[in-house]
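# Structural overview
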Amino acid sequence: MVNLLHSMKCSFMVTALSLLPLLDCIRGKESCKALQEEPRGDSHTSCCDIGLINGGLSIQPESVNKITSIPPLCDKLEKEANAFCKCVMDEIHRFWPAFEEYLIREDVNESVIDLNKTKARVQNVSTSIAHDLVFTITPNEVPRELDTSVKGKVSNIRLPRGLFQSFHNETDYVKVAVLVLDVGEVSMFKDPDQTGTMLDNVTVSVKVGGRQIAGLSDCVELTFSHGRLPQNVPVQCVFWDTKKGKRGGWNTSGCLTIPRDRETMCCCDHLTFFTLLMTPSLDNIAAQMLLTIANVGCGISVFFSALTIGLYFALRFVYKKFKSNDTVKIHVNLTGSLLLLNLAYLLNRWIFSLGHLGLCKGIGGFTHYCLLCCFTWMAIEAFQLYLLVIKVTNIYMRHYMVKLCLVGWGFPALVVTITGSMNSYGKYTITDMANQPPVALCWINSTHVVVHYITNCSYFGLILLFNTLVLVVVAWKLFSLQRTTAGKEEKIETWKRGLTVLGLSCLLGATWGLAFFTYGAMSVPAAYLFTVLNSLQGLFIFIWFTVLYYPKKDATTSSSGSGKNVKVTTASRS
């Protein structure tokens, strides 16, 4: 008797647990039904009132029309301030996985679903098939089977034959459903953490048989055709993960993104809802904010760069020994290149607005020249630092400054001349996801993007590597010196050495290295840091120059402006 009661108790518990999902579903529908019947206190029809039956959506094609007919401006679904709208949104997210299952049921005879914003094809496929199966996934078109030998620029999905052959021991034929859904502006398949937008607002679903397909050895290939995308808009293949968050979200696990010229291929090892997310590095608001910061910062740098050059000539006139300091001359040349670069940038957009192609090419080439001069003089700063701190002995060179000027100002001129002969300069725009150009200037045009990668990215990358190595060695020597020196007068506090390294990093262009971090998750913070620090580089150099070289009150005329800097640099002067 006890055993019987124990068995009944266990059976009851198992039955109750198995019914919990069903009870939860019923409670959801009942709550939607109750909320639907509640008076809203107004005479207007709610945009969420899509005609639920008994508080829920029946898994039928008719319900698809109800969902896709929701007005695009129905922000109630987004804000979820209305309890009924929130309940409807829950129903919509539960509907699509269930509709996917509905399409491959044995009692469903539809072979084609051709509804507004929803297109699907369902067909039986032999499990002994000897070739891959390819379907088109063009927006607003019913998927159709393609010949695998035909190669075109149409969006398609390739299902490997091994996928169907895995069902061979169970059945001779298996049902395949390919669904193309235009989500439009309605809050379907919207991840709360989503920053990008779907390509053409399209989501593609693939269902084979009645089981979950995952861990495929031969991936499912989805090829999304598109035009040439802006350079600042990376793409990513994602699938809808129903286990993510409250209602699901986009996930990249198991999907590989392969960008091409005018298409992107996704290679995924499972079947579900897929899309191609386009995530711009910056939206229009952020771009405008960065432009404002850059304009203000460059204006400040122009003023202080000019002040630095003026201060140099004033000190040179007063203190004769100042003329022999090669390190100061290199600082001034770097400051001059920064002054020209900031002026070129401030003039660039104004000349672009004139619409004169010849002027635009000219200012584009001049801006490129100034940028390369800055990079080159930063490398020369590191080279001079290497001679003074690392090599130290036997560093005399004939016509030293003349040679440095030929490299610092001449080499960029040679590069720009070659680049200009290739007709590389012109109008350049960066577009956002609304296809609007928040940034437009005269620069290397989009058809010569390789020139930008070689002359700017690669060139600066090499300079940054060299400058970083020199900076690390100098920093190590500075902090090592603190441990070996004795006496209160000779010992310099750690924080002063730290400020010295910080100042040197500014001279050597370490802040420009932030450009390599303006991609991916940290792109926006890196872009703000890059813009603020580099647009104010002229100010930072002025502070550095003033602290090092401006005569102190207790300094004598004979020693002012020289000090250790003159003593360590005279060996290399011409």
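Any aromatic ring pair is given by two values, namely how distant the centres are and how the planes are angled relative to each other. The full count for this structure, using the stated rule, is 15 aromatic pairs. Measuring from centroid to centroid gives 5.4 Å for Phe-95 and Phe-99, while their planes differ by 20°, and the two rings are stacked. With Phe-95 and Phe-99 both in helix H4 (residues 83–103) and four residues apart, the pair spans about one turn of that helix. In terms of burial, Phe-95 and Phe-99 fall into one category: buried. Where Phe-375 meets Phe-460, the ring centres are 4.7 Å apart and the plane angle is 35°; that geometry is what we call tilted. You can see Phe-375 sitting in helix H8 (residues 357–391) and its partner Phe-460 sitting in helix H10 (residues 449–484), a full 85 residues away along the chain. Here the two residues Phe-375 and Phe-460 agree in accessibility, since each one is buried. By way of ring pairs, the aromatic residues Phe-375, Phe-460, Trp-512, Phe-516 and Phe-530 are connected into one cluster. Across from the ring centre of Phe-167, 3.9 Å away, lies the NZ or CZ of Arg-211, which sits over that ring. Against the face of Phe-352 rests Lys-427, its NZ or CZ located 5.7 Å from the ring centre.

Inspection of the secondary structure assignment puts Cys-374 in helix H8. On the basis of relative accessibility, which here comes to 0%, the residue Cys-374 falls in the buried class. Those residues within four positions of Cys-374 in sequence are excluded, and the remaining contacts are Leu-334, Ser-337, Leu-338 and Leu-341.

To continue, consider the state of the cysteines. Inspection of every chain in the model, using the stated rule, returns four disulfides. There is a disulfide in this structure between Cys-219 and Cys-267, and the S-S distance comes to 1.7 Å. The disulfide joining Cys-219 to Cys-267 has a torsion of about -100° about its S-S bond and is therefore left-handed. With Cys-219 in the loop between strand E8 (202–208) and strand E9 (220–225) and Cys-267 in strand E13 (residues 263–268), this pair connects stretches of sequence that are 48 residues apart. No difference in accessibility class separates Cys-219 from Cys-267, as the two residues are buried. Through a disulfide, Cys-255 is tied to Cys-268; the S-S separation comes to 2.2 Å. Looking along the S-S bond of the Cys-255-Cys-268 disulfide, the torsion reads about 115°, which is the right-handed sense. You can see Cys-255 sitting in strand E12 (residues 255–259) and its partner Cys-268 sitting in strand E13, a full 13 residues away along the chain. Given the relative accessible area of 0%, Cys-268 is considered buried. Of the cysteine sulfurs around Cys-374, a residue in no disulfide, the closest is that of Cys-370, at 7.1 Å.

Membership of the largest hydrophobic core comes to 50 residues, with the highest contact counts inside it found for Phe-375, Leu-404, Leu-504 and Trp-512. If sequence neighbours within four positions are ignored, Phe-375 has contacts with Asn-456, Tyr-459, Phe-460, Ile-463 and Trp-512.

In this section: the environment of Arg-121. On the secondary structure map, Arg-121 appears in strand E2 (residues 118–126). As a C-alpha pair, Arg-121 and Leu-179 span 58 residues in sequence and 6.7 Å in three-dimensional space. Setting aside chain neighbours within four positions, we find Arg-121 in contact with Ser-111, Val-112, Phe-135, Val-142, Pro-143, Arg-144, Val-176, Ala-177 and Val-178. Only 2.3 Å separates the side chain of Arg-121 from the backbone oxygen of Pro-143, close enough to count as a polar contact.

About the cut-offs
- Residues numbered from 1 in each chain as written.
- Predicted model: local features only at pLDDT ≥ 70, side-chain atom pairs only at ≥ 80, totals over all residues.
- Heavy atoms only, no water.
- Phe/Tyr/Trp six-rings, centres within 6.5 Å; stacked < 30°, edge-to-face > 60°.
- Helix = DSSP H or I, 4+ residues; strand = E, 2+ residues; numbered from the N terminus.
- Buried < 20%, exposed > 50% of the residue type's maximum accessible area, 1.4 Å probe, protein only.
- Lys NZ or Arg CZ within 6 Å of the ring centre and 35° of its normal.
- Contact = heavy atoms within 4.5 Å.
- Disulfide = S-S within 2.5 Å.
- Core = buried A, V, L, I, M, F, W, Y, C linked by side-chain atoms within 4.5 Å.
- Polar contact = N/O pair within 3.5 Å; in protein donor to acceptor, adjacent residues only side chain to side chain.

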